[in-house]
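Structural features, examined
Read off the chains here:
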Amino acid sequence: MSVAKSSSATATTSIADGPYRGRFAPSPSGPLHFGSLVAAAGSFLDARAHGGEWLVRIEDLDPPRERPGAADSILQTLELFALDWDGPVLRQSERAAFYAAALEQLRSLHATRRCDCSRTQLKALPRNRTRPPGEELFHPPVCLAPEAGRPRPAAERFRVPAGPVEFVDRSLGALTSDVAQEVGDFVLQRRDGHFAYQLAVVVDDASQGITDVVRGADLLSSTARQILVQRCLGLPQPRYLHLPLAVRADGAKLSKSTDAPGIARSPPATQAWRALAFLGQRPPPELEGAAPREVWAWGVAHWNPVMFAGIRSHDVAGWSPTAPDRQRDPQ
Ligand SMILES: [Zn+2]
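Residues numbered from 1 in each chain as written. Predicted model: local features only at pLDDT ≥ 70, side-chain atom pairs only at ≥ 80, totals over all residues.

**Some details on the overall build of the chain**
Threshold: Secondary structure follows DSSP: runs of H or I at least 4 residues long count as helices, runs of E at least 2 residues long count as strands, and numbering of each begins at the N terminus. Exposed residues have 12 or fewer other C-beta atoms within 10 Å of their own C-beta, buried residues have 20 or more, and residues in between are partly exposed; the C-beta atoms are placed from the backbone. Contact criterion: two residues are in contact if their C-beta atoms, reconstructed from the backbone, are within 7 Å.
For the chain, the count of helices and strands is ten helices and 14 strands. Here the chain, with 331 residues, has 41% of them falling under the buried criterion. Taking all contacts inside the chain whose residues are at least 6 apart in sequence as the whole, residues at least 24 apart take part in 78%.

If you want it as structure tokens, here you go:
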């Protein structure tokens, strides 16, 4: 799924207005690793530097993928790092009624379709064979012929309009993504009844009054889908700031199972300092041994997203603000 530079992005939707309100929205599939700390720190610092609120939402929509105790562990880690959030923690597992109401609204607008295609059928399509695990499978414009055999409950998908979706990212600039071509009609409610991330995140961002979505660039490819749902529901569009993704030297994403222990072993102040440095900020060396709260105070006072503008990912081990190998968008 590609999100390309656009030369003509224009905003056709109302942009969220009002006092800055940001959020950090981890899924409880494991403890936080350094990449999640970067995402938490970036959204926290951007909110506080704007004098805004910073909320935490647990995206526990997918019980089979959740690890028992992971949500509590994430909250404890945030506390340990002095990343103090505002208000109550929102848990998506308690919000099914809101997602159902939004789905009903989309249905009334004829913006959904029932889909009987099985995952096996979709995975067999040539363009899905090379799709990385975890990415939404492409769905063709017409559903595939139903498989013989047992009837089963259908999934419900968003009817994607033809044409590119253009939006502006504060770091990456004007971007365009052709959802119809790249993903096709995407899932809103799975056949097992669980609501999909793309629907839930739109509903929650709107109901929490989120003005600014600051998150890792691994979610960049979801943004156009979320904008389509926002537009259809008549919801304001938040501003977007996608942070460089922390990857390993071989380009692989950090994982919660293999990369999380590191964050637990190192002193929080060191990790906080490293998260700031990863984001291109230049905290003074003597701050590395300070309490996390002091590190963040420096970070808020000196927060400058221009330092990572245009960068989608970077090797977590080799980071230096002047390193030449950053994956930077062509200007
Ligand atoms: Zn289908």
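Having seen the structure, we can now continue with the description.
**A closer look at the sheet that holds strand 4 (residues 90-91)**
Under the convention used in this document: Paired strands are those between which DSSP finds at least two bridges.
Taken in spatial order, the three strands of this open sheet run 2-3-4, and their pairing is parallel. Strand pairing shows two members of the sheet lacking a second neighbour, strand 2 (21-24) and strand 4, which therefore form its edges. Where strand 3 (residues 53-58) and strand 4 come together, two bridges link them in parallel fashion. Bridged to isoleucine 58 within strand 4 is arginine 91.

**Re the packing of helix 6 (residues 197-207) against helix 7 (residues 220-233)**
Stated precisely, the cut-off is as follows: Helix axes are fitted only over the stretch in contact, all axes being lines through C-alpha atoms; the angle between N-to-C directions runs from 0 to 180 degrees. Our angle categories are set so that under 35 degrees counts as roughly parallel, over 145 as roughly antiparallel, 65 to 115 as roughly perpendicular, and the remainder as oblique. Helix crossings fall into two classes, left-handed where the near helix is turned counterclockwise from the far one by less than a right angle and right-handed where it is turned clockwise. Ten residue types, Ala, Val, Leu, Ile, Met, Phe, Trp, Tyr, Cys and Pro, are classed as nonpolar, four, Asp, Glu, Lys and Arg, as charged, and the remainder, Gly among them, as polar.
The geometry of helix 6 relative to helix 7 is characterised by a closest axis approach of 9 Å and an angle of 60 degrees between their N-to-C directions. On the basis of the axis angle, helix 6 is oblique to helix 7. As helix 6 runs across helix 7, the sense of the crossing is right-handed. Contacts from Gln198, Leu199, Val201 and Val202 in helix 6 reach Ser222, Arg225, Gln226, Val229, Gln230 and Leu233 in helix 7. Its residues placed into classes, the contact of helix 6 with helix 7 shows five nonpolar, four polar and one charged.

**Notes on the sheet that holds strand 6 (residues 155-158)**
A sheet is described by the order of its strands in space; here three strands give the open sequence 5-6-9, paired in antiparallel fashion. With one partner strand each, in any of the chains shown, strand 5 (112-115) and strand 9 (186-189) form the two edges of the open sheet. Put simply, the sheet's adjacent strands are angled 45 degrees from each other on average, direction ignored. Relative to strand 9, strand 6 runs antiparallel, the two being bridged by three bridges. Bridge pairing in strand 9 places arginine 157 opposite valine 187. Packed on one face of the sheet, helix 3 (residues 96-108) meets strand 5, strand 6 and strand 9 and runs near 125 degrees to strand 9.

**Considerations on the nonpolar core**
Side chains of a nonpolar character, in soluble globular proteins, are inclined to be buried together. Under the convention used in this document: For this entry, the nonpolar core is defined as buried Ala, Val, Leu, Ile, Met, Phe, Trp, Tyr and Cys residues connected by C-beta atoms within 7 Å. Marked domain ranges trace back to an automatic or database domain assignment.
Membership of the largest hydrophobic core comes to 79 residues, with the highest contact counts inside it found for Val38, Ala41, Phe44 and Leu199. Ranked by residue count, the leading element in this core is helix 1 (residues 34-49), at eight residues. For this core, the domains that each give at least three residues are domain 1 (4-92 + 207-328) and domain 2 (97-197).

**What to know about the packing of helix 9 (residues 268-278) against helix 10 (residues 292-302)**
Describing two packed helices takes the angle between their axes plus the distance from one axis to the other. One can describe the packing of helix 9 onto helix 10 by two numbers: an axis separation of 8 Å at closest approach and a directional angle of 15 degrees. Taken together, helix 9 and helix 10 sit at an angle that is classed as roughly parallel. Helix 10 is crossed by helix 9, and the crossing has right-handed handedness. Along its contact with helix 9, which presents Pro268, Ala269, Ala272, Trp273 and Leu276, the element helix 10 presents Pro292, Val295, Trp296 and Gly299. Along the lines of polarity and charge, the residues of the contact of helix 9 with helix 10 split into eight nonpolar, one polar and no charged.

**Concerning the environment of glutamine 181**
Looking at the element boundaries, glutamine 181 is found in helix 5 (residues 179-182). Spatially, the C-alpha atom of glutamine 181 lies 8.2 Å from that of glycine 163, the residues being 18 residues apart in sequence.

**Re the confidence of the model for the chain**
Heads up, the condition is: For every residue, the predictor reports its confidence as pLDDT, a number between 0 and 100.
Mean pLDDT over the chain stands at 88; residues scoring 70 or higher make up 89%. Within the model, the stretch residues 319-327 combines pLDDT values under 50 with 13 contacts to residues more than four positions away or in other chains.

**Thoughts on unusual backbone geometry**
A positive phi is found at alanine 82, a non-glycine position, where the angle reads about 55 degrees. When you line up the elements, alanine 82 lands in the loop between helix 2 (70-80) and strand 4. Non-glycine residue histidine 110 carries a positive phi angle of around 60 degrees. Mapped onto the fold, histidine 110 is located in the loop between helix 3 and strand 5. Given 8 C-beta atoms within 10 Å, histidine 110 falls into the exposed group.

**Things to note about the pairing of strand 7 (residues 165-169)**
Residues of strand 7 alternate between two faces, with Val165, Phe167 and Asp169 buried on one and Glu166 and Val168 left unburied on the opposite face. As paired strands, strand 7 and strand 8 (residues 173-177) are joined by five bridges and run antiparallel to one another. Among the inter-strand pairings, aspartate 169 is bridged to a residue of strand 8, identified as glycine 173. Hairpin connection of strand 7 to strand 8: three residues between the antiparallel strands.

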